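# Notes for the structure review
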Amino acid sequence: MPAPHHDWYLREWLRYSGKRQADVARDLDWNKAKVGLMIRGEQQYTRDAINEVATYLNIAPFELLMHPDDAASLKRLRTTALQAIENGRIFAREEEERRGTGTEG
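An account of the accompanying structure is given in this report. (Residues numbered from 1 in each chain as written. Predicted model: local features only at pLDDT ≥ 70, side-chain atom pairs only at ≥ 80, totals over all residues. Heavy atoms only, no water.)

### Examining the pattern of salt bridges
Basically, it comes down to this: Take a side-chain nitrogen of Lys or Arg and a carboxyl oxygen of Asp or Glu: if they are within 4 Å of each other, that pair is a salt bridge. Working definition: helices are DSSP H or I runs of at least four residues, strands are E runs of at least two. Numbering for both runs from the N terminus.
One pass over the full model with this rule turns up nine salt bridges. With a shortest N-O distance of 4.0 Å, R93 and E86 are connected by a salt bridge. As a salt-bridge pair, R99 and E95 come within 3.4 Å of each other at their nearest N and O atoms. One end of the pair is R99 and the other is E95, both in helix 5 (residues 68-99) and four residues apart, which spans about a single turn.

### Some points on helix 3 (residues 32-40)
Here is the rule we go by: Burial classification: accessible surface area is computed with a 1.4 Å probe over protein chains only, and a residue below 20% of its type maximum counts as buried, one above 50% as exposed, and the rest as partly exposed. Starting at the helix axis, one direction is taken to each C-beta atom, and the arc is that of these directions. Here a residue-residue contact requires only that any non-hydrogen atoms of the pair lie within 4.5 Å. Counted as a polar contact is a pair of N or O atoms within 3.5 Å, where, for protein atoms, one must be capable of donating a hydrogen and the other of accepting one, and residues adjacent in sequence contribute only when both atoms are in side chains.
By the burial criterion, the buried members of helix 3 are V35, G36, M38 and I39. The buried residues of helix 3 occupy an angular sector of 165° when the element is viewed end-on, so they sit on one face. Tucked inside the fold, the buried residues of helix 3 contact helix 1 (10-17), helix 2 (21-28) and helix 4 (47-57). Put simply, N31 is the residue that caps the front of helix 3, since its side-chain oxygen is 2.6 Å from the backbone nitrogen of A33.

### Details of the packing of aromatic side chains
Note the cut-off: For Phe, Tyr and Trp, where Trp contributes only its six-membered ring, two rings pair if their centres lie within 6.5 Å, and the inter-plane angle classes them as stacked under 30 degrees, edge-to-face over 60, or tilted in between. The rule is short: NZ of Lys or CZ of Arg within 6 Å of the ring centre and within 35 degrees of the ring normal puts a charge over the ring.
Tallied over the entire structure, the rule returns two aromatic pairs. The interplanar angle of 80° and the centroid separation of 5.3 Å between the aromatic rings of W13 and Y16 together place this pair among those described as edge-to-face. One end of the pair, W13, and the other, Y16, are both in helix 1, three residues apart, so they sit about a helical turn from each other. For K34, the ring lying beneath its charged end belongs to W30, and the centroid distance is 4.1 Å.

### Brief notes about unusual backbone geometry
Phi at D29 takes a positive value of approximately 55°, unusual for a residue other than glycine. Inspection of the secondary structure puts D29 in the loop between helix 2 and helix 3. The backbone of N58 sits at a positive phi, close to 60°, despite the residue not being glycine. Within the secondary structure, N58 sits in the loop between helix 4 and helix 5.

### Regarding the nonpolar core
Applied cut-off: Among buried residues, those of type Ala, Val, Leu, Ile, Met, Phe, Trp, Tyr and Cys that are joined through side-chain atoms within 4.5 Å constitute a nonpolar core.
If you look at the biggest cluster of nonpolar residues, it comprises 21 residues, and the most contacted ones within it are L10, V24, W30, V53, L57 and L64. Elements with a minimum of two residues in this core: helix 1, helix 2, helix 3 and helix 4. Ranked by residues supplied to this core, first place goes to helix 4 with six residues. In contact with L10, other than residues within four places in its own chain, are M38, I39, V53 and L64.

Geometric values such as these leave the question of function open.
Structure (structure tokens):
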């Protein structure tokens, strides 16, 4: 039977966060063997495990299913989009004020 393959990036996230296998075992009170198996993708992860590790690494659970570089790119894209939206709102308010059509409340 082939070894199971899991699509999360725990090893990469630990490296990205500066954490080691021993840190996870100690900080989450997990068995060292469990941590090793999960890092190597030889043990299935559960929703509880994903949530626990995500909280530990201070990331969203879905980010464990992405390479850290991809997650960082999405965060930058989201930040840029939110800034563009806010800039558009500021511009619209300034235009309304300039034209004297601003709403008064």
